[in-house]
Amino acid sequence: MAAPLAPLTAAAAALRLGSRGLRHRHRLLLASLRPYSSAPPPSPSAVPAAARRLPTPPPAPRRLARTLAASAATAVSEPQTDLVSDPTTSSKGRIYHETYGCQMNINDMEIVLSIMKKEGYDEIVPDPESAEIIFINTCAIRDNAEQKVWQRLNYFWFLKREWKANIAQGRSKSLRPPKIAVLGCMAERLKDKILDSDKMVDVVCGPDAYRDLPRLLQEVDYGHKGMNTLLSLEETYADITPVRISDNSVTAFVSIMRGCNNMCSFCIVPFTRGRERSRPVSSIVREVGELWKAGVKEVMLLGQNVNSYNDTSEIEELEPGKNWQLSEGFSSMCKVKNMGLRFADLLDRLSLEYPEMRFRFTSPHPKDFPDELLYLMRDRYNICNLIHLPAQTGSTTVLERMRRGYTREAYLELVHKIRSVIPDVALSSDFITGFCGETEDDHADTLSLVRAVGYDMAYMFAYSMREKTHAHRNYEDDVPEDVKQRRLTELINTFRETTKKNYDSQIGTVQLVLVEGPNKRAPKTELTGKTDRGHKVSFASVPLPHTFEGDEPRKPVVGDFVEVKILRSSTATLFGEPIACTSLSVFYKNAVSEAQAVAA
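Report on the accompanying structure. None of the values given here were measured: they were computed from a predicted structure.

1. Regarding the overall build of the protein
In step 1: Scanning the protein for helices and strands turns up 19 helices and 25 strands.
In step 2: Across the 600 residues that make up the protein, the buried fraction comes to 59%.
In step 3: When the accessible surface of the protein is totalled, it reaches about 24000 Å², and 51% of it is carbon and sulfur.

2. Comments concerning the side chain of Lys 160
In step 1: Among the structural elements, Lys 160 can be located in helix α5 (residues 143–161).
In step 2: Note on Lys 160: relative accessible area 16%, which makes it buried.
In step 3: At 3.2 Å, the side chain of Lys 160 forms a polar contact with the side chain of Asp 202.
In step 4: Leaving out residues up to four positions away in the same chain, Lys 160 has contacts with Pro 177, Pro 178, Ile 180, Lys 199, Met 200, Val 201 and Asp 202.

3. Quick notes on the environment of Asp 345
In step 1: Position of Asp 345 among the secondary structure elements: in helix α12 (residues 343–353).
In step 2: Assessed through its relative accessible area of 31%, Asp 345 is described here as partly exposed.
In step 3: Spatially, the C-alpha atoms of Asp 345 and Leu 373 are 8.7 Å apart, while their sequence positions differ by 28 residues.
In step 4: Apart from the residues lying within four places of it in its own chain, the contact partners of Asp 345 are Gly 340 and Glu 372.

4. Examining α12
In step 1: Taken together, the buried positions of α12 are occupied by Phe 343, Ala 344, Leu 346, Leu 347, Leu 350 and Ser 351. Here the buried residues of α12 occupy an arc of 155° about the axis, which is enough to place them on one side.
In step 2: Where α12 is buried, its residues contact α11 (281–293), β12 (298–302), β16 (341–342), β17 (358–362) and α13 (371–379).

5. Quick look at the environment of Lys 92
In step 1: Secondary-structure assignment places Lys 92 in the loop between β2 (76–77) and β3 (94–99).
In step 2: Between the C-alpha atom of Lys 92 and that of Asp 122, which follows or precedes it by 30 residues, the distance is 7.7 Å.

6. A look at the sheet that holds β12
In step 1: Here we have three strands laid out as an open sheet, ordered β9-β12-β17, and parallel in their pairing. Two strands bound the open sheet, and with one partner strand each, they are β9 (251–255) and β17. Looking at each pair of strands side by side, their axes are set apart by 25° on average, direction ignored.
In step 2: Each of β9, β12 and β17 is contacted by α11, which is oriented at about 165° to β9, the strand it contacts most.

7. Quick word on the packing of aromatic side chains
In step 1: All told, the structure shown has 13 aromatic pairs when counted by the stated rule.
In step 2: A ring pair is formed by Tyr 381 and Tyr 588, whose centres lie 5.5 Å apart and whose planes are at 25°; its orientation type is stacked. Taken together, the positions of Tyr 381 in the loop between α13 and β18 (386–388) and Tyr 588 in helix α19 (residues 584–599) put the pair 207 residues apart, joining distant regions of the chain.
In step 3: Taken together, Tyr 96, Tyr 155, Phe 156 and Phe 158 form an aromatic cluster joined through their ring pairs.
In step 4: Directly above the ring of Trp 324 sits Arg 342, whose terminal nitrogen or CZ lies 3.7 Å from the centroid.
In step 5: The ring of Phe 575 is capped by Arg 568, whose NZ or CZ atom sits 4.0 Å from the centre of that ring.

Calculation criteria
- Residues numbered from 1 in each chain as written.
- Predicted model: local features only at pLDDT ≥ 70, side-chain atom pairs only at ≥ 80, totals over all residues.
- Heavy atoms only, no water.
- Helix = DSSP H or I, 4+ residues; strand = E, 2+ residues; numbered from the N terminus.
- Buried < 20%, exposed > 50% of the residue type's maximum accessible area, 1.4 Å probe, protein only.
- Areas by Shrake-Rupley, 256 points an atom, 1.4 Å probe, with all protein chains shown as cover.
- Polar contact = N/O pair within 3.5 Å; in protein donor to acceptor, adjacent residues only side chain to side chain.
- Contact = heavy atoms within 4.5 Å.
- Arc of directions from axis to C-beta.
- Pairing = 2+ DSSP bridges.
- Axes fitted to C-alpha atoms, helices over the stretch in contact; angles between N-to-C directions.
- Phe/Tyr/Trp six-rings, centres within 6.5 Å; stacked < 30°, edge-to-face > 60°.
- Lys NZ or Arg CZ within 6 Å of the ring centre and 35° of its normal.

Purely spatial values, then, with no claim about function.
Right, here's the structure in full:
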């Protein structure tokens, strides 16, 4: 799963325990559900009484007033900009979009916008009231995610059903009643149930059928419902250049593969996103090159199990799959037939061709960390020293029930190997509390694993059983909800006890920070960015010298790399003094020279 997303993902989806997450731990189960949209939904008081009386589709029978309040509490504003359009042609329909879940879903929406733009749907609006087409990209990892979607659909249905009244009273500005399209994992999982829900949805489109969206929307004009949820063994959207949702960002997502073969007993991803298939290396290199020309300085490579990447499309003589190497002590239920270019090959090429660009990746599975990949990460300065290593639980008994393919001992051995090869590595993880049959002793094993490893970040959730999974067919969800939540709280507290040490260890060091924007708490005087290890850093916005000869001092801007001396830390943020603007290669060249001088 993609950062589980997992391994949402993403979603790939979940909350990294940053400064907000640690202060507001009760948001943990909601964080991955925040819609990436331009504006929050209206408050209940702004919605007519008719909307609050709408029938709610199963499985979330709630009044719309509560629905809108819940949506408003979790909405995240994300600027949406109009796509560049041809002034000689008119748009076929204005688009509003929301995305729930992981990074993979965000990237999928960018693919959808690219497909729609090519077909003439080239205008994006910041609110659903102004749209003729409403896309809601969904997540099915947990039941809570689906409840949020049903809540939003209630309001979108009101906009469609009461369109004439809304226009007359100024509540809407759309040119015609909006078409509502449900995309993504939830669409794949529920299919007919969504279309049959009081006629509120017009189109249901699964993750592998986005190319069919223009046709499905045209079907609605003829009075038909549109549905395509077929999964594919080949679709990777390799030929599509995503339309980036955020124009000002210096970071970007690039999907390198789709689907998952792991079949963990708790996970629905293989049933909603299908089997693993990898994009050709050449198409990934092309997309990264386009991002570099557009000013992107850091790329996150995405996949449900990114380090099992296996491109067989560009090699004439394939190696037999029996040569596929797993991490020592790990097993896999899925056998590889043929072996092509692996994840280390892709990282090798990207890091060489774009030496001034940083590369991160998520989500991996612990089973796919051969020595070759670890040594490459150690030797290439532009591959970030952050590894997401989803444990899910610290109990060998529960791991076996989860069908993860390793024991607690094998996982700890892998952690030891990673840190011996990459001493300065940061580790993050996923954890599930209250999985089927989990005892208090199993839970204690998870807490002790967190203490033993000492993670920098974590995504933590209470278990939510999903239909179609192995667990749903074979196990009983027998841990009471209050016990799940109590264990989740204990897990969070244990994590808080250990992660501060990792941040404190950075005090006194000089870190290279990629500037991502102003500090929201002090936007006029401070900047923020991330280190190689993914730690957030805040520092003063002041004129700085450059490591390049002839450059005059100036204030750093978004996209600059800045040397920062770390002075103090909080639970999940570093604070430092900026020294100079520099580049990736210059910073690490100087670091190597200094290390050699000290050794001499």
